[in-house]
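Inside the fold
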Amino acid sequence: MTTYWWKNAIIYQIYPKSFKDTNADGIGDIQGIIDSLPYIKSLGVNTLWLNPIFISPQIDNGYDVSNYYAIDELFGSLADVEQLIAEAHALDLKIIFDLVLNHTSNQHPWFQEALKGPDNMYRDYYLWTDAPSDGTLPNNWASFFGGSVWEKDATSNQFYFHLFAKEMPDLNWKNPEVQKAMVDMAKFWLSKGIDGFRLDAFIHMIKADFALNVTGVPIGEIAIAEEYYANLPEVKVYLEAFIQELREVKPDIFIVGEAASATPDLALDYIGENLCSTVISFDHIKDREISGNSLIPSGLGDKTLHVPDFKERMSDWQSQLIQGVQPTLYWNNHDMPRLVSRFGDEKNYRTASCQSLAVAMYLLRGIPVILYGEEIGMKNVKIDTIEAFQDPMAKQYYQQLVTNGFTNEDSLRMIASINKEASRGGMQWDDTTYAGFSTVPCWSGVNVEKDYNVAAESENENSVLAFYQELLRLKKDDIFQLGETEFIDTEDTLIAYKRILLDEEAIVVCHVATEPTDVPLWLRELDNTYQVVFGTFNHHKDDIMQPYDYLVLSK
C-alpha cells in the first residue's frame, strides 16, 4: 500500500491579501510569503495552502477567476510564484493552490465569448435556460450570495446560472471541452511544481433539472435549493475523471476537497485513490447561542461552542474515516470568524482558551489546518464601518441593531461575530503602526496589539506561538498521527479522548469553559503508569481544573 506524504500533512492556510505586504500597497503579496518562509517553517507545519492568487476582478476576493494561467499583479508575477515554490521546497514545505472549479468570473474570456450569442462555441461552457414566456424566473432557486441563481442576458432571451454572485457564472461540467480545459490548466500548475489543490465548492459542479422547484415556497419567492445543486450523484463521476488525469502526471498529488455540508458518510464517497485525499466539511462545528436578548436578531447573539454536539460529531468523523483515510482538523478558516473570538474568551482567557481548544482539536487523528495568525492568538479584526462587509445581510442586521438601540461599535462587533470578513485581518507581525503587515493601511484592517504579535511572542516562552510550536511537535508523534481515537464520556465542559496505538496509549483532557470544574474522578484515579506529557494542571495533585486547563498523558 502506497504511503503518501500528505498522510502526515500539517497545513498552514495563508490568505495572501492579508499576510504580508512588501510593496506598500496595503495588499499582501507573494514576496511577503517568501520572506516569511523561515517563520512558517519554525511553526512545525509542512504544507502551505494559498487562497486564490490568479487574475481576478476581486468581486469575491479571487474566487472569481478571469485567467487561471496568470498571477494577479496584486500579488506579484509568475516568476515570484516560481521562486516561492523553489524556496518552499528547499525547506521541505509543500504548496497547494486554491482551485475554483464550479465557476469563473464573468470577465473570463470564455464568458465574454459566450455573451456573443447562443451560437458561440463558448456558450455551452456555462449554464443557460430560456426565459419563461410569463416573465418569471426559470425556477425558485436562491443564490448563496442573495437573490436568484438566475441572471437575464441582456442580448438574448435566456438566463445564465450563478450559484454565487452574478459576476460568477457557473461552468457546465457536462461539456467535454470544459472538462479538458480545467484538466489542462491544473496540469500547467503541476508542471510548475505545486504539490496539490484545494478544490473550492466542487460539490456544486452538477445541477438538477432546471424545471424543478423547491417545494413549499410561496409563488414569487425563492429558497436555498441544496437538494438541486449540491452533492448530486454525478458530481463524483466528474470529480473522479478530473483527479484521475492529474494523478497520472503526479501520483502523490494532494487533493483537499471543500465539501462544506458533508457528513462522514458523504465525505467517504468523495475520498479515494482517484478522488480527494481528504475533504474539509463544516459539519463538526456548531455553536450555541447564549445571549437570549430579544432585541438581537437570531444568530447574532453571544455564542459558545456546543460541546456535547462537537464531541458527538467528532466521534463520528474519527470512527468512520478509518483505514488510512484522514479527516481534516480545523477551528477556523477564511470563511468563518476566528477561533478565539468565536469559541474562546478573547477578553479574560485569551491565551488559555486558544491553547485548550487547540489541544482538543489537533491531537485528534487527522490533518490539522491552521489559519494564518491562529498560532499567535489573533482575534477578529475590528471593523469600523458597515460598508466593509460584503455579506448582503450585514446591512440589514446593522439597521435592525441600531434601530433597537445598540451602539455602532456593538452592532459591528455582533455582525463580525458571524462574518467571514472578520477573519481576514492583516497578519500581526509586531506592534508598529500597521502591525508590521505593511507601511500603509491594510486593505482589510489590522489589529495592533502589544502582546499578540509574532515579534513579542517569539520572546515569550508562555505565548500562544510557543505553545503551538510545542503542540505541533507533539502532533508528529506516531500515536497522534496513527492511533485510534476513543472519546471518553465526561462532563459537558470537558473534551476528553484516548489515542491508542498498539501497546501505547495517550489521554487528552481539555476544559473548555470559563468556570472552574472538579477534576473528574476517573482522571484522578488513573495509576502512575500515565505520565504527564503536556498540560496546565496535575491530575493527582489538583482537585480543580481552572478555566481552559488541559492535560495530555501517555503510557
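Structure: see above.
Model, not experiment: these values are computed from the prediction.

1. A short note on the packing of aromatic side chains
Applying the stated criterion to the full structure yields 43 aromatic pairs. Geometrically, the ring pair formed by Tyr4 and Trp6 is stacked, given 5.1 Å between the ring centres and 10° between the ring planes. Comparing Tyr4 with Trp6, the two get one shared label, buried. Centre to centre, the rings of Phe487 and Tyr497 are 5.5 Å apart; their planes meet at 50°, and the pair counts as tilted. In this pair, Phe487 is assigned in strand β18 (residues 484–487) and Tyr497 in strand β19 (residues 494–501), connecting sequence segments 10 residues apart. An aromatic cluster of three or more residues is present, and its members are Trp141, Phe144, Phe145, Trp150, Phe161, Phe164, Phe210, Tyr228 and Tyr229. For Lys94, the ring lying beneath its charged end belongs to Trp5, and the centroid distance is 5.2 Å. Above the plane of the ring of Trp128 lies Arg123, whose end atom (NZ or CZ) is 3.5 Å from the centre.

2. Things to note about the packing of helix α11 (residues 350–362) against helix α15 (residues 464–475)
Between α11 and α15, the shortest axis-to-axis distance is 10 Å and the interhelical angle comes to 15°. Classed by the angle they form, the pair α11 and α15 counts as roughly parallel. Crossing of α11 against α15: the hand is right-handed. Along the contact surface, α11 presents Thr351, Cys354, Gln355, Ala358, Val359 and Tyr362, while α15 presents Val464, Phe467, Tyr468, Leu471 and Lys475. Considered class by class, the residues forming the contact of α11 with α15 number eight nonpolar, two polar and one charged.

3. Here's the deal with the pattern of salt bridges
Applying the stated criterion to the full structure yields 24 salt bridges. A salt bridge links Glu113 to Lys116, with the shortest nitrogen-to-oxygen separation between them at 2.7 Å. Accessibility expressed as a relative area gives 26% for Glu113, which makes it partly exposed. Of the charged contacts in the structure, one is a salt bridge between Lys166 and Glu167, with a shortest N-O distance of 3.3 Å. Overall, the relative accessible area of 41% leaves Lys166 in the partly exposed class.

Scoring rules and cut-offs
- Here, residues in each chain are numbered from 1, in the same order as that chain's written sequence.
- Owing to the predicted nature of the model, reporting of local features is limited to residues with pLDDT of at least 70; listing and counting of side-chain atom pairs is limited to 80 or more, with chain, interface and lining totals taken over all residues.
- Each side-chain value is worked out from all heavy atoms of the structure, with water and hydrogens disregarded.
- A pair of aromatic rings is counted whenever rings of Phe, Tyr or Trp (Trp by its six-membered ring) have centres within 6.5 Å, and the orientation is called stacked for planes under 30 degrees apart, edge-to-face for over 60 and tilted otherwise.
- Exposure classes here rest on a 1.4 Å probe applied to the protein chains alone. A residue is buried below 20% of its type maximum, exposed above 50%, and partly exposed in between.
- Secondary structure elements follow DSSP: runs of H or I no shorter than four residues count as helices, runs of E no shorter than two count as strands, and numbering proceeds from the N terminus.
- In this scheme, the term charge over a ring applies when either NZ of a lysine or CZ of an arginine sits within 6 Å of the ring centre and within 35 degrees of the ring normal.
- Here an angle of 0 to 180 degrees is reported between the N-to-C directions of two axes, which are lines fitted to C-alpha atoms, with helices fitted over the stretch in contact.
- We call two directions roughly parallel when the angle between them is under 35 degrees, roughly antiparallel when it is over 145, roughly perpendicular when it lies between 65 and 115, and oblique otherwise.
- Note on convention: the crossing is left-handed when the near helix lies turned anticlockwise from the far helix by less than a right angle, right-handed when the turn is clockwise.
- For this analysis, residues touch if any pair of their heavy atoms sits within 4.5 Å.
- Three classes are used: nonpolar for Ala, Val, Leu, Ile, Met, Phe, Trp, Tyr, Cys and Pro, charged for Asp, Glu, Lys and Arg, and polar for all others, with Gly counted as polar.
- Only one rule defines a salt bridge in this text: a Lys or Arg side-chain nitrogen within 4 Å of an Asp or Glu carboxyl oxygen.

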